[in-house]
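So you can see what is in the structure, the chains are spelled out below.
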Amino acid sequence: MKKRIMVVGPTQSGKSTLTNVLNDSTRLLKKTQDVIYGKNTIDTPGSYLENASMYKYLIATAQAASQVLILVDQSRLVEVYPPGFAKTFTCPVIGVITKTDLAPENVNLCIQQLKRIGITEPYFWISLKDNTGVEALKQYLLGK
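Computed from a prediction, not measured in an experiment: that's the story for all the values here.

Notes on helix α1 (residues 15-22)
A turn of α-helix holds 3.6 residues, and therefore any two residues three or four places apart point the same way.
Point 1. α1 sits mainly inside the fold: six of its eight residues count as buried.
Point 2. Within α1, the full set of buried residues consists of Lys15, Ser16, Leu18, Thr19, Asn20 and Leu22.
Point 3. Once α1 finishes, Asp24 follows within two positions and takes phi at roughly 50 degrees, a positive value.

The following block contains the structure:
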């Protein structure tokens, strides 16, 4: 079975847009309660993260993942991840700060949040509006 990159983040943090980029896809973006398996990714619903009783589904889904991307939305500082959350997963966990074109003053708070979650550097800062940082992330994840 092919291992994919699982993308986890709160609602509206850029998960589906990022998975489209990583899959070289133009899949229609709409809110869904389904896990969506792409060519290279596993796109998880934000509700799985925002409801602690759903964590078991994230953990089970991660069994098919080679890596987990934890997204933090720089424009909306919401603490949805419990401390040490990254240690839940058995594969590498990578921190991605999204929407870096919005609210640049929040960058240090995002880094602190990633550290509380239990993620170590490197962190990736991306803006899907102008694709800032996207190539570096793709190179790191996919070697492209």
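A word on the side chain of Ser16
Point 1. Position of Ser16 among the secondary structure elements: in helix α1.
Point 2. Note on Ser16: relative accessible area 19%, which makes it buried.
Point 3. Reaching out from Ser16, the side chain makes a polar contact with the side chain of Asp43 at a distance of 2.6 Å.

A look at the environment of Leu18
Point 1. Considering the arrangement of structural elements, one finds Leu18 in helix α1.
Point 2. Each C-alpha atom, one on Leu18 and one on Gly46, is 14 Å from the other, the two residues being 28 residues apart in sequence.
Point 3. Leaving out residues up to four positions away in the same chain, Leu18 has contacts with Leu69, Leu71, Ile126, Leu128 and Leu137.

A closer look at the nonpolar core
Point 1. Residues Met6, Val68, Ile70, Tyr81, Phe85 and Ile117 are the most contacted members of the largest nonpolar core, which totals 27 residues.
Point 2. Where this core is concerned, the elements lending two or more residues are β1 (4-8), α2 (46-50), α3 (55-61), β4 (65-73), β5 (93-98) and α4 (107-117).
Point 3. Not counting residues up to four positions away in its chain, the partners in contact with Val68 are Met6, Val8, Ala62, Phe89, Cys91, Pro92, Val93 and Ile94.
Point 4. Counting residues in each nonpolar core, the second largest holds 13 residues, with Ile5, Leu22, Ile126 and Val134 among its members.

Thresholds, definitions, all that
- Residues numbered from 1 in each chain as written.
- Predicted model: local features only at pLDDT ≥ 70, side-chain atom pairs only at ≥ 80, totals over all residues.
- Heavy atoms only, no water.
- Buried < 20%, exposed > 50% of the residue type's maximum accessible area, 1.4 Å probe, protein only.
- Helix = DSSP H or I, 4+ residues; strand = E, 2+ residues; numbered from the N terminus.
- Polar contact = N/O pair within 3.5 Å; in protein donor to acceptor, adjacent residues only side chain to side chain.
- Contact = heavy atoms within 4.5 Å.
- Core = buried A, V, L, I, M, F, W, Y, C linked by side-chain atoms within 4.5 Å.

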